[in-house]
Amino acid sequence: MTQVPRPTPYAGASRLTSCLISALLIALDYSAALAGELTITPASMARIGTVDERFQSYNVEMVEVTGGKFWKPYGANTSDAHSDLYEYRAPIDLTNARLRKLAAALAPAYIRISGSWANATYFANADAAPSAPPRGFDGILTRQQWRGVIDFSQAVGARIVTSFAVSPGTRNAAGAWTSDQASSLLAYTASVGGHIAAVEFMNEPDVAAMGAAPASNDIAAYRRDFEIFRSLMNQRMPEVMILGPGTAGATTAASGLVAGSGVDVVSYHHYGALSERCGSSSTPEAALSEAWLSRTDHTLAFYLRLRDKFEPGKPIWLTETAEAACGGNRWDATFLDTFRYLDQLGRLAKAGVQVVMHNTLAASDYGLLDEKTLTPRPNYWGALLWRKLMGNIVLNPGVPIETDLHVYAHCQRRRPGRVTLLVINPSRDTPQSLTLPDTSERYTLDAANLGDTKVRLNGHALGLSAQDELPRITGTLAAAGAVTFAPATITFLAMSAPNNAC
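An account of the accompanying structure is given in this report. Bear in mind the structure is a predicted one, so any value in this text is a computation, not a measurement.

Calculation criteria
- In every chain, residue numbers begin from 1 and rise along the written sequence.
- In keeping with the predicted nature of the model, local features appear solely for residues at pLDDT of at least 70, side-chain atom pairs appear and are counted solely at 80 or more, and the whole-chain, interface and lining totals rest on all residues.
- Working from all heavy atoms in the structure, the side-chain values ignore hydrogens and water.
- Whether two strands pair comes down to DSSP finding at least two bridges between them.
- Strands here mean DSSP runs of E at least two residues long; helices mean DSSP runs of H or I at least four residues long; both are numbered from the N terminus.
- Structural elements are reduced to axes, namely lines fitted to C-alpha atoms, with helices fitted over the stretch in contact, and the angle between N-to-C directions of any two is expressed from 0 to 180 degrees.
- What makes two residues a contact is simply this: any of their non-hydrogen atoms within 4.5 Å.
- In what follows, roughly perpendicular refers to angles from 65 to 115 degrees, roughly parallel to angles under 35, roughly antiparallel to angles over 145, and oblique to any angle outside these ranges.
- Crossing handedness is read from the near helix: turned anticlockwise from the far helix by less than a right angle, it gives a left-handed crossing, and turned clockwise, a right-handed one.
- Gly is placed with the polar residues, together with every amino acid not listed as nonpolar (Ala, Val, Leu, Ile, Met, Phe, Trp, Tyr, Cys and Pro) or charged (Asp, Glu, Lys and Arg).
- Type-normalised accessible area, obtained with a 1.4 Å probe on protein chains alone, sets the label of each residue: buried when under 20%, exposed when over 50%, and partly exposed for intermediate values.
- Expected helix span is given by 1.5 Å per residue-to-residue step, counting one fewer step than there are residues.
- Among buried residues, the Ala, Val, Leu, Ile, Met, Phe, Trp, Tyr and Cys ones that are joined through side-chain atoms within 4.5 Å form a nonpolar core.
- Salt bridge, as used here: a side-chain nitrogen of Lys or Arg that lies within 4 Å of a carboxyl oxygen of Asp or Glu.

### Some details on the sheet that holds strand β9 (residues 196-200)
The strand order β2-β5-β8-β9-β10-β11-β12-β13 describes a closed barrel built from eight strands, whose pairing is parallel. For this sheet the average axis-to-axis angle between neighbouring strands, irrespective of direction, equals 30°. One ladder, built from four bridges, connects strand β2 (residues 56-59) with strand β13 (residues 355-359); its direction is parallel. Bridge pairing in β13 links Gln56 to Val356. Of the strands in this sheet, β10 (241-248), β11 (265-274) and β12 (316-325) touch helix α9 (residues 295-310), which is tilted by about 150° from β11.

Right under this line is the structure:
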């Protein structure tokens, strides 16, 4: 900082000198204010890419469809995190009117039916399913349950992505994967008018033992099995996209699993941490820090390097993500995690990721919906605003991500020529501002406390009506000029000025 010289006590400061010093200090303060003032012009933002129209998507775990043990939600007792990791669920009711209405509001989307349990789920392709899974499997998927997935996907505008069983029950005497189970599922899907948009061979081959699959340290065996799988898809459903490898994080095994696979899309999974129930020491105090929010960048950088080396030019999808693996942390159902959720969407769209699938729609603590009541959680309202306002053309906002101000820009959805800004202020105590040359419609999410499960839009609580109707989502007018963003708020600005890139 520039130091202003002071007169010595022997010289004696004249009134003129004092005035000059005051003027200089004022000028320095004014210059500093200008230096910190951020002006952006949405009308001139350049187009930097596009994302899939189903960019924002979600998972329904296979074990939800079949019924079985999944991550047990946290109770009120803070000491119960490690006492029992799993809890039995009956099969999810995909005919539920509230569930369908809330899912349809996020359309178009992909719905991924997979997860670790899918690796050992037997498809019972008969009118009467067995009472227990055959040897080499851990669960049963009935025709009725899979038909329910197809009906749900068609009703809510979500295209199906899935994976197949790879457990010992699918293997021959030599240990090689056989395609009988996958063939049965594909044939049944076609017979009832269903459509699968994309498939992964299996869930997370780098941690395959967790999903009852063979050990993942034999890359040659994986490649052998993947070739059998790819031949099956090319013969039976060549129009279906093959994703892979669907590995969990930046693992050393990922390189070998990507190399030579010949996938249509490079897929990967990312969680910032394990959850408390699986031994994590992460805390909500760090949830708004740049160190935490940027973890998704580091994992993506790893997979971009693999993609560019082994599958150059192929699209990249994040097919499973949330705040923490193993069902999420205690704050995943609160407004605190909505910052990560929307910031991750903004970062990854800007970086060129085509699809991001949140885990889950309605199971455990990271679900967009409470699994027992199907009440929307804060992340659902964030997802709804993204779907309403952010189109698939990504723009360059012209400003870097700062510690206390994150700005993302897309063309508006269903409003040709218009721009939407997503402005996130993750600071817990400092307001931020932008100077904008045009008026806009403002949609600001906040909560009375970051740990609340209720969220407000422009000061009004969001919730379903007594008839399960979604509220009307409307903005408030923001005048041109300095626009202020209060601490710990998320704001969408639908700009009025046209942009030729849109």
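### Re the packing of helix α3 (residues 97-104) against helix α4 (residues 143-156)
Viewed as axis vectors pointing N to C, α3 and α4 meet at an angle of 50°, and their least axial separation amounts to 8 Å. Considered as vectors, α3 and α4 are oriented oblique to each other. At the point where α3 passes α4, the crossing takes the right-handed sense. In this structure, α3 contributes Leu99, Arg100, Ala103 and Ala104 to the contact, and α4 contributes Asp151, Phe152, Ala155 and Val156. When the residues that make up the contact of α3 with α4 are grouped by side-chain class, the tally is six nonpolar, no polar and two charged.

### Structural notes on the environment of Val51
As for its placement among the helices and strands, Val51 is situated in the loop between β1 (47-50) and β2. Since its relative accessible area comes to 4%, Val51 is described here as buried. Apart from residues lying up to four places away in sequence, Val51 is in contact with Ala349, Val353, Gln354, Asn392 and Val394.

### Here's the deal with helix α11 (residues 378-389)
Taking 1.5 Å of rise per residue, the 12 residues of α11 would be expected to cover 16 Å, and the 17 Å separating its terminal C-alpha atoms lies within 8% of that figure. The buried count for α11 comes to 11 of 12 residues, which makes it a mostly enclosed element.

### Topic: the nonpolar core
For soluble globular proteins, nonpolar side chains are generally found buried alongside one another. If you look at the biggest cluster of nonpolar residues, it comprises 97 residues, and the most contacted ones within it are Trp146, Leu361 and Phe492. Apart from residues lying up to four places away in sequence, Leu361 is in contact with Tyr58, Asn59, Val60, Leu99, Ala103, Phe152, Gly367, Leu368 and Leu369. In this structure, Met45, Val407, Leu436 and Val483 belong to the second largest nonpolar core, which totals 18 residues.

### A few points about the pattern of salt bridges
Applying the stated criterion across every chain yields a total of 21 salt bridges. Among the ionic pairs, Glu371 bridges to Arg89, the shortest N-O distance being 2.9 Å. Pair noted here: Glu371 is in the loop between β13 and α11 and Arg89 is in strand β4 (residues 86-89), with a separation of 282 residues, a long-range link. Residue class for Glu371 comes out partly exposed when judged on its relative accessible area of 22%.

### Notes on unusual backbone geometry
With an omega of -5°, the peptide bond between Ala107 and Pro108 qualifies as cis. Among the structural elements, Pro108 can be located in the loop between α3 and β5 (109-113). Geometrically, the link from Asn359 to Thr360 is a cis peptide bond, its omega value of 10° lying close to zero. For Thr360, the location among the structural elements is in the loop between β13 and α11. Backbone geometry places Ser364, a non-glycine residue, at a positive phi of 60°. By secondary structure assignment, the location of Ser364 is in the loop between β13 and α11. Phi at Arg414 is positive, roughly 60°, even though this residue is not glycine. Tracing the sequence through the fold places Arg414 in the loop between β15 (406-412) and β16 (419-425). With relative accessibility at 72%, the residue Arg414 sits in the exposed group.

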